[in-house]
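Descriptive structure summary
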Amino acid sequence: KMNGRLSDDSEGHSNTSVEVVSITDIVSSDQDRFKMDDDCLKLSVVTWNLAEKAPPEEDAAFFRRFRKDSEGEGSDLVLIGAQECEEIKPRRTEGHRSRHLRRLGIMMLGKDYVPLAIHSLGGIQCALYCHHDRLGDVEMINIADVTCGVGNVLHNKGAIGLFLKMKCNSSGRASRILLVTGHLAAHVKNVDARNADFHRIVSELEAQAPARFLRPKMNRDGSPAECDGSRLLDSMDHVFFAGDLNYRVDLPREHVEKCIVDMKRSPSRRGKLMSKLLRRDQLLQTIASGQAFAGFDEGKISFLPTFKFDKGSSDYDTSHKQRVPAWTDRILFRAKQKVRVCEYESVADSMHSDHRPVLGTFQLGWGVEATKKKARKRRRSR
């Protein structure tokens with residue numbers, strides 16, 4: 001868990017010459033803390049690769065943790081994103097696994113949560129639920145999707161984007177939020193393909209954004225200007241990008257396994273060993289270099305790699321492929337306004353898939369501007 005801060009600088013290592021610093025100061029004063037608590041939206045996000053198999057009820061029971069209690073503590077919005085929810089094949093109707101996941105979401109969250117949007121793209125499913133107390137604050141919800149499979153046609157890879165406008169209680173202004181659930185290119189060597197998928201997704205979502213959500217940019221001759229995604233990202237108050245992003249750890253299997261075993265045996269060394277592995281995490285290196293997900297941040301990773309397990313087991317891949325354990329399943333965000341990471345963890349007991357689900361809960365501060373820090377570069381000796 002993280003209380004009022006983003007990922008620690010020591011977790012954002014890379015092999016580049018740029019030293020990454022925390023992008024957002026979450027709480028800079030007691031006054032800001034009061035504003036955050038007094039006027040905020042609580043959002044929970046789940047990303048879960050289902051490996052083309054419907055999860056049993058007990059594996060999805062963790063959805064209940066997001067419910068509001070009698071004191072009003074809990075999540076206002078819950079985004080449940082899934083990958084490999086269905087087999088990739090042409091179908092005229094919704095698959096039974098997609099229906100099963102939707103039923104689980106409705107059942108586990110309970111009658112107080114209303115589905116705002118449910119959408120599928122191939123094996124990717126995205127469902128957004130809103131507590132009935134906040135339904136009156138929803139001004140607009142729109143859906144778009146982007147394919148990134150072979151030839152940018154197949155639906156085995158891609159993303160679903162939700163454009164959400166919600167009214168701020170105190171000021172009455174509408175906050176614009178972009179929620180993305182994605183599944184990027186697989187295999188350890190395909191970092192460039194994953195980066196390209198990200199840029200395609202944000203560019204296409206910008207092009208598909210509703211005019212009353214993001215005013216279209218036009219050329220002087222009146223034709224639509226080319227979209228690269230930057231205008232969309234820079235215009236949002238909050239952006240959340242979650243999914244099986246498929247970034248791996250650039251280390252031998254034996255090295256990663258030994259670190260995991262040592263972490264389990266010696267909890268006091270867990271932080272140091274975790275940092276050692278995360279230095280070679282492809283996603284953190286990509287963010288540091290600015291090749292993709294520039295300006296995005298992440299909660300502190302304190303959970304073990306979420307891929308690849310033997311299904312129904314806590315053992316990492318024992319097949320002949322012996323895949324290197326990695327944090328493929330992630331929740332990233334960027335914001336103009338303050339964000340507090342309340343929790344960021346995996347669900348180790350949900351073992352039906354070869355991935356572990358990852359969840360995050362965030363307080364979104366409305367009217368409290370995030371303090372940006374400039375990245376500093378290391379001095380180079382001449």
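What counts and what doesn't
- Residues numbered from 1 in each chain as written.
- Predicted model: local features only at pLDDT ≥ 70, side-chain atom pairs only at ≥ 80, totals over all residues.
- Heavy atoms only, no water.
- 1 Å grid on protein atoms, 1.4 Å probe; cavity = no way out; pocket = protein on both sides within 12 Å on 5 of 7 lines; lining within 4 Å.
- Points joined across faces, edges and corners; volume = space filled by probe spheres on them.
- Nonpolar A, V, L, I, M, F, W, Y, C, P; charged D, E, K, R; others polar.
- Helix = DSSP H or I, 4+ residues; strand = E, 2+ residues; numbered from the N terminus.
- Buried < 20%, exposed > 50% of the residue type's maximum accessible area, 1.4 Å probe, protein only.
- Lys, Arg positive; Asp, Glu negative; His and termini not counted.
- Salt bridge = Lys/Arg side-chain N within 4 Å of Asp/Glu carboxyl O.
- Pairing = 2+ DSSP bridges.
- Contact = heavy atoms within 4.5 Å.
- Axes fitted to C-alpha atoms, helices over the stretch in contact; angles between N-to-C directions.
- Expected span 1.5 Å × (residues − 1).
- pLDDT = per-residue confidence, 0-100.

Taking a probe equal in size to a water molecule and rolling it over the atoms shows the remaining empty space. Taken as a whole, the largest pocket encloses approximately 390 Å³ of empty space. Lining the largest pocket are 19 residues, with Ala 186, His 187, Arg 248, Phe 307 and Arg 323 positioned closest to its centre. Residues belonging to the lining of the largest pocket are distributed by class as follows: five nonpolar, five polar and nine charged.

Position of Lys 157 among the secondary structure elements: in the loop between β7 (138-147) and β8 (158-167). Within the buried set, Lys 157 has no salt-bridge partner at all; the shortest N-O distance to an opposite charge, 5.5 Å, is to Glu 84.

With that out of the way, let us pick up the sheet that holds strand β11 (residues 297-298). In space, the six strands of this open sheet follow the order β7-β8-β9-β10-β12-β11, with mixed pairing throughout. Lying at the two open borders of the sheet, with one neighbouring strand each, are β7 and β11. As judged from the seven bridges shared by strand β9 (residues 174-183) and strand β10 (residues 238-244), these two strands associate in the parallel manner. Pairing of Leu 178 across the sheet is with Val 239, part of β10. Strand contacts of helix α3 (residues 191-208): β7, β8, β9 and β10, with the helix running at about 135 degrees to β7, the strand carrying the most contacts.

A rise of 1.5 Å per residue sets the reference length of helix α5 (residues 253-265), with its 13 residues, at 18 Å; its end C-alpha atoms lie 18 Å apart and thus fit the reference within 8%. Arg 253, Val 256, Cys 259, Ile 260, Asp 262 and Met 263 are the residues of α5 that are buried. At its buried positions, α5 is contacted by α6 (270-278).

Caution applies to low-pLDDT regions: their predicted coordinates should not be interpreted in detail. Put simply, the protein has an average pLDDT of 87, and 83% of its residues get 70 or more. Every residue in residues 1-34 scores below 50 in pLDDT, and together they form 85 contacts with partners more than four places removed in sequence or on other chains. Segment residues 374-382: pLDDT under 50, and nine contacts once partners within four positions in sequence are set aside and those in other chains are kept.

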